[in-house]
Amino acid sequence: MPAVSIPACAVAVPAQPDPAIVEVAPEPVAHLSRGARQTVAVGILAVIALVAALYLAHSFFVPLLIGILGSYALSPVADWLEARRVPRAIGSALILVALVGAMSWVAVSLREETGTMLEKLPEAARKLRQHLVADRASRPTALQNVQEAANEIQAAAADAGTKGSARAPVVKPTESTAWLRDYALAQSALLITIAAQTPVVLLLMYFLMASGSHFRRKLVQLVGPSLARKKEAVRILEEVDMQVQRYLLVMLLSNTLVAICTWLAMAALGLEQAGVWGVAAGVLHFIPYLGPLLLAFVSGVAAFLQFGTLLDALLIAGASLLVAGAVGMVFMTWLQSRFASVNAAVLFIALLFFGWLWGVAGLLLGAPLVAIAKVVCDRIESLKPVGELLGR
């Protein structure tokens, strides 16, 4: 039989791939599922709705938070009285009576000094303006030089655009301070609203302190029928309550000590209305970093207007910072050893947020709220990543 020749083209020989030009298939890109995207969108909308509600209903939330934080701060005193066999309802009433009595005594004692300070406030502002005008007249400031350069550039552009016509006059912009007046009026209205709601805040504090662990038992019922989960919930609530109560009580004591020491320091240095400056120091000490700096600046300006020398102004400002630093160093060291410390950057961002949200009241409430959130997140397993973010 004759040999049959098969053409080479009839047999398909698989070509060997060149290793130099082998293409690697791209890995599939992970995409969020439709349910996950919906969950994220709903979460973002919920956060926006919450912020809008907090902003619009600030006249309700601010007194409510003040009452809750006040009850937490004074609950250790009520527990101490209850341990001495004083009924909790009576002990809570005695605490509030003592608190109102102390605040009334301070207000009556400082009424004359506060009135004198408010009467001198326009004159002090006038003196400050005269000093600034005199300094500006002696030599131009950097802002004036920049403004003058901008006016000249504008004039040159106007000359280049109008051929042969008269030079267009340059209108200098006028600086308006209406925003400052509106902001001051808005914050004053908010503080007056809070002061008008003081009886409601005191009643809320009384009911929360008198109830004791009633709400804690109610919250335990929400975790389910499991005994182990109830025990874990009780342990977490007790730990959070203890930490928050200690934190707020120590903060209240430290601010009171700052107020008293600042009062004595300003009186020793001869600054007028020293008692008012002491109360302002105690209130502003609730605002970390910004509060003591603001008090030092304002008291330094007041000292400069009273004594007329820069050395006295620096002495008054330095004294206020020294008192705030000494007391804060002692108490904050104890707090950081017994309490969860908050990241300084996170705290500053929180102060900016709450200051925008509620104004002056937000600055006062921002630091305690962030510290409490840090404690709660550290003791709940699912929220520990948030606690790590808030911590140092």
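As the structure is a prediction and not an experimental result, all values here were calculated from the model.

What counts as what
Residues numbered from 1 in each chain as written. Predicted model: local features only at pLDDT ≥ 70, side-chain atom pairs only at ≥ 80, totals over all residues. Heavy atoms only, no water. Helix = DSSP H or I, 4+ residues; strand = E, 2+ residues; numbered from the N terminus. Buried < 20%, exposed > 50% of the residue type's maximum accessible area, 1.4 Å probe, protein only. Core = buried A, V, L, I, M, F, W, Y, C linked by side-chain atoms within 4.5 Å. pLDDT = per-residue confidence, 0-100. Contact = heavy atoms within 4.5 Å. Salt bridge = Lys/Arg side-chain N within 4 Å of Asp/Glu carboxyl O. Phe/Tyr/Trp six-rings, centres within 6.5 Å; stacked < 30°, edge-to-face > 60°. Polar contact = N/O pair within 3.5 Å; in protein donor to acceptor, adjacent residues only side chain to side chain. Axes fitted to C-alpha atoms, helices over the stretch in contact; angles between N-to-C directions. Parallel < 35°, antiparallel > 145°, perpendicular 65-115°, else oblique. Left-handed = near helix turned anticlockwise from the far one by under 90°. Expected span 1.5 Å × (residues − 1). Arc of directions from axis to C-beta.

Digging into unusual backbone geometry
Positive phi is not limited to glycine here, since Arg85 has a value of about 65°. Among the secondary structure elements, Arg85 is positioned in the loop between helix 2 (58-83) and helix 3 (88-109). Judged by relative accessible area, Arg85 falls into the exposed class, the value being 81%.

Topic: the nonpolar core
Ranked by internal contacts, the top residues of the largest apolar core, which has 25 residues, are Leu248, Phe354, Trp358, Leu365, Leu369 and Val370. Broken down by element, this core gets its largest block of residues, 8 residues, from helix 14 (residues 360-379).

Things to note about the environment of Val62
Positionally, Val62 belongs in helix 2. Residue Val62 is classed as buried on the basis of its relative accessible area of 0%. Remark: the alpha-carbon pair of Val62 and Val201, spanning 139 residues in sequence, is separated by 9.9 Å.

As for the confidence of the model for the protein
Averaged over every residue, the pLDDT of the protein is 75; residues scoring 70 or more account for 66%. Of all helices and strands in the protein, the one with the weakest mean pLDDT is helix 6 (residues 178-196) (64), whereas helix 3 scores best (87). The low-confidence segment residues 170-176, where pLDDT is below 50, has 6 contacts with residues more than four positions distant or belonging to other chains.

Topic: the environment of Leu81
Tracing the chain through its elements places Leu81 in helix 2. For Leu81, the contacting residues outside a window of four places in its chain are Val86, Gly91 and Ile95.

Comments concerning the pattern of salt bridges
As enumerated under the stated definition, the model contains 2 salt bridges in all. Asp79 is the partner of Arg88 in a salt bridge, and the nearest nitrogen-oxygen pair spans 2.6 Å. Taking the relative accessible area as the measure of exposure, Asp79 reaches 32% and is therefore partly exposed. Across the pair Arg88 and Glu82 runs a salt bridge, and its minimum N-O distance is 2.8 Å. Overall, the relative accessible area of 40% leaves Glu82 in the partly exposed class. It is possible to trace a salt-bridge network through shared partners that takes in Asp79, Glu82 and Arg88.

With respect to the packing of aromatic side chains
All told, the structure shown has 6 aromatic pairs when counted by the stated rule. Both rings, one in Tyr55 and one in Trp356, keep their centres 5.6 Å apart while their planes meet at 15°; by these two values the pair is stacked. With Tyr55 in helix 1 (residues 34-56) and Trp356 in helix 13 (residues 344-358), this pair connects stretches of sequence that are 301 residues apart. Judged by its relative accessible area of 41%, Tyr55 is partly exposed.

Details of the side chain of Ser75
Position of Ser75 relative to the elements: it lies in helix 2. For Ser75, a relative accessible area of 8% gives the class buried. At 2.5 Å, the side chain of Ser75 and the backbone oxygen of Ser71 are in polar contact. Residues in contact with Ser75, not counting those within four places in the same chain, are Arg88, Met209 and Gln245.

Considerations on the packing of helix 2 against helix 7 (residues 198-211)
How two helices sit against one another is set out by the angle between their axes and by the gap between those axes. Close contact between helix 2 and helix 7 brings their axes to 8 Å; oriented N to C, the two are set at 45°. Judged on the interaxial angle alone, helix 7 and helix 2 are oblique. The chirality of how helix 2 crosses helix 7 is right-handed. Across from Pro63, Leu64, Ile66, Gly67, Ile68, Gly70, Ser71, Leu74 and Ser75 in helix 2, the residues of helix 7 making contact are Val201, Leu204, Met205, Leu208 and Met209.

A word on helix 7
Taking 1.5 Å of rise per residue, 14 residues should cover 20 Å, and helix 7 covers 20 Å from first to last C-alpha, within 8% of that figure. Turning to helix 7, its buried residues number three or more, namely Val201, Met205 and Met209. For helix 7, the buried positions fall inside an angular range of 60° around the axis, keeping them on one side. Among the exposed residues of helix 7, those pointing more than 90 degrees away from its buried face are Pro199, Val200 and Phe207. Each element contacted by the buried residues of helix 7 is listed here: helix 2 and helix 3.

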